[in-house]
Amino acid sequence: MEKFPKDFIWGVGSASYQVEGAWNEDGKGENIWDRYCHSPESKVFEHQNADVTIDEYHRFEEDMDWLKELRCNAYRFSISWARILPAGTGAVNPKGIAYYNKLIDGLLARGIQPMVTLYHWDLPVALQDKGGWANREIVDWFAEYARVCFENFGDRVPYWITLNEPTVFTFSGHLLGAVPPCIQSFEQGLYSAHHAMVAHGTVVRLFRKMGLKGKIGFAFDIVPKLPYTDAEEDKKAARLANATTQYFFYEGVTKGKYPKEAIDFYESKGVKLPLQDGDMELVTEKCDFFGLNYYLTQAVRYKKGCGLFDCEYVFRENFPVANAVEWEIDPEGLYDVLKDVQKATNNEVPIIITENGICQDDYCENGEYNDDERLGYIRAHIDVIQKAYSEGVKMAGYVCWCGFDNFEWNNGTNKRFGLIHVDFETQKRTMKKSGKWYREFISKNS
Ligand code: BGC
């Protein structure tokens, strides 16, 4: 198999709300995850919050040393919008700018490239109170925020990601109500999804206009829903489940058209796509890389009246299940997705795996965290990436999710994805077996 090129990106990722803590320090505004976690309606494990989490806001120097110890040449992190613009728009918080400057400079000094996500789900509440992603004005709000980031950090950041996993904050947040802003509305589901894509394209265009020298893209999650059997009704169910979740965005950017099944579904609920002239040109604005978050595949079976889309998820035989999260592990599924992206982008746009990893409950033996399941998972997925690369798929990098155990959204601190263990009581960091393996692997491959 072809060796990975010397400049291949080997990184780990994080998101501001999951790692920073310092939720109300140094002028930071409140965001929708702060508000949700502090409210009695929160569905988070044991009503936890990320007020402190792994305290990266105060411990970033130590954490950057850990990243160096991991031999990473990139660190993917997100900027907290409310730390930069506490009210979402308007006044800029100088202490927020100073924090990210220190982080960016510290990474560069250690030979680690910053890969910055502009939005990883933590919208300032001031904007949610004006309708958030369901309000078309979000396009301008997001552009204003992006401009401040580009002006302050654009001279040093080589990789920018506009949005992380739009499926989660649009459909899960506005249609299913599973995560903040916890709304259940067909209209807001579709509106927020489309506005997110228009906002993404607007910011890519702004980036070009400002003549920044870095690269810009997105981080879409793809969880292929595969028909459980060959029956036509299962195939149809899988298609609808794909079209109304991740493939809504995927087909939007690659085909310039949202899936017909999704549009028909919303029309059947009386909701029309709020399309304005020029929107799809924005949605398809050319990116420098295709950021792909990949974890698993799922099988779907038709079942009338089940859920919103008349289907249920079924476990398949012969797929190992990651017990901690009940995900069916499917590295070959990643191979199929990579081939599909290659085709959809005419192999013109390099692919960066912007997230991949697994939750495993840790067990400690003589001070060692032996997370063999995680190690095997990562190795198997990197093997598949190497196979695809050897066959000519344009691959540019791999970002493992994630560096440090952290606040895992609705699962709180109950689910761990890190290569580095964090004791949430003492904040002590300890490299796990998977981290040691990743370090050796990177050393041999860069
Ligand atoms: C998200 C991360 C999350 C990870 C594991 C992704 O959907 O972008 O923030 O921690 O999955 O659940």
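Shown above is the structure to which this text applies.
The rules behind the values
- Residues numbered from 1 in each chain as written.
- Predicted model: local features only at pLDDT ≥ 70, side-chain atom pairs only at ≥ 80, totals over all residues.
- Heavy atoms only, no water.
- Near = heavy atom within 4 Å.
- Polar contact = N/O pair within 3.5 Å; in protein donor to acceptor, adjacent residues only side chain to side chain.
- Areas by Shrake-Rupley, 256 points an atom, 1.4 Å probe, with all protein chains shown as cover.
- Buried < 20%, exposed > 50% of the residue type's maximum accessible area, 1.4 Å probe, protein only.
- Helix = DSSP H or I, 4+ residues; strand = E, 2+ residues; numbered from the N terminus.
- Pairing = 2+ DSSP bridges.
- Salt bridge = Lys/Arg side-chain N within 4 Å of Asp/Glu carboxyl O.
- Axes fitted to C-alpha atoms, helices over the stretch in contact; angles between N-to-C directions.
- Parallel < 35°, antiparallel > 145°, perpendicular 65-115°, else oblique.
- Left-handed = near helix turned anticlockwise from the far one by under 90°.
- Contact = heavy atoms within 4.5 Å.
- Nonpolar A, V, L, I, M, F, W, Y, C, P; charged D, E, K, R; others polar.
- Expected span 1.5 Å × (residues − 1).

1. What to know about the site of the ligand
Around the ligand, the neighbouring residues are Q18, H120, W121, N164, E165, Y295, E355, W401, E408, W409 and F417. Between an oxygen atom of the ligand and a side-chain N or O atom of H120, the distance comes to 2.9 Å. The separation between an oxygen atom of the ligand and a polar side-chain atom of W401 is 2.9 Å. Across the complex, the protein chains shield 91% of the 310 Å² of accessible surface that the ligand would expose by itself.

2. Description of the pairing of strand β4 (residues 159-164)
Consecutive side chains along a regular strand alternate between the two faces of the sheet. Of all the six residues making up β4, six are buried; the element is thus mostly covered by neighbouring parts of the structure. In terms of strand pairing, strand β3 (residues 113-119) meets β4 through four bridges, oriented parallel. Following the sheet pairing, M115 is matched in β4 by Y159.

3. A short note on the pattern of salt bridges
Under the counting rule described, the total for this entry stands at 32 salt bridges. Residue E151 pairs with R147 through a salt bridge whose shortest N-O separation is 4.0 Å. Highlighted residues: E151 and R147, both in helix α7 (residues 138-153), separated by four residues, approximately one helical turn. Judged by its relative accessible area of 52%, E151 falls in the exposed class. Taking relative accessible area as the criterion, R147 reaches 36% and is therefore assigned partly exposed. In this structure, the salt-bridge partner of K436 is E368, at a minimum N-O distance of 2.9 Å. Separated by 68 residues along the polypeptide, K436 in helix α16 (residues 433-445) and E368 in strand β14 (residues 368-369) bring together distant segments of the chain.

4. Digging into the sheet that holds strand β6 (residues 225-227)
Reading across the sheet, the three strands line up as β6-β8-β9 and stay open at both edges, with mixed pairing between neighbours. Strands at the two margins of the open sheet, each flanked by one partner only, are β6 and β9 (311-314). Across the sheet, the mean angle separating the axes of adjacent strands is 45 degrees when strand polarity is ignored. Here β6 pairs with strand β8 (residues 298-302) via three bridges, running parallel. Bridge assignment links P227 to a residue of β8, and that residue is V300.

5. Regarding unusual backbone geometry
Look at the link from P180 to P181: it is a cis peptide, with omega at 10 degrees. Looking at where P181 falls in the secondary structure, it is placed in the loop between α8 (166-175) and α9 (186-209). Put simply, W401 and C402 share a cis peptide bond, and its omega is 10 degrees. By the secondary structure assignment, C402 is in the loop between β15 (395-400) and β16 (420-422).

6. Focus on the packing of helix α5 (residues 94-109) against α7
At a minimum axis separation of 11 Å, α5 and α7 run at an interaxial angle of 50 degrees. Considering the angle they form, α5 stands oblique to α7. Note on packing geometry: the crossing formed by α5 with α7 is right-handed. Counting all contacts with α5, which are made through I97, Y100, N101 and I104, the residues of α7 involved are V148, N152 and F153. Looking at the contact of α5 with α7 residue by residue, the class counts come to five nonpolar, two polar and no charged.

7. Quick look at the side chain of N356
Note that N356 resides in the loop between β12 (351-355) and β13 (364-365). Given the relative accessible area of 0%, N356 is considered buried. Once you skip the residues sitting within four places of it in the chain, N356 turns out to touch Y294, Y295, Y377, H381, Y398, V399, C400 and W401.

8. A closer look at α7
Between its first and last C-alpha, α7 extends 22 Å over 16 residues, near the 22 Å set by a 1.5 Å rise per residue. Buried residues of α7: I138, V139, W141, F142, A143, Y145, A146, V148, C149, F150 and F153, and no others.

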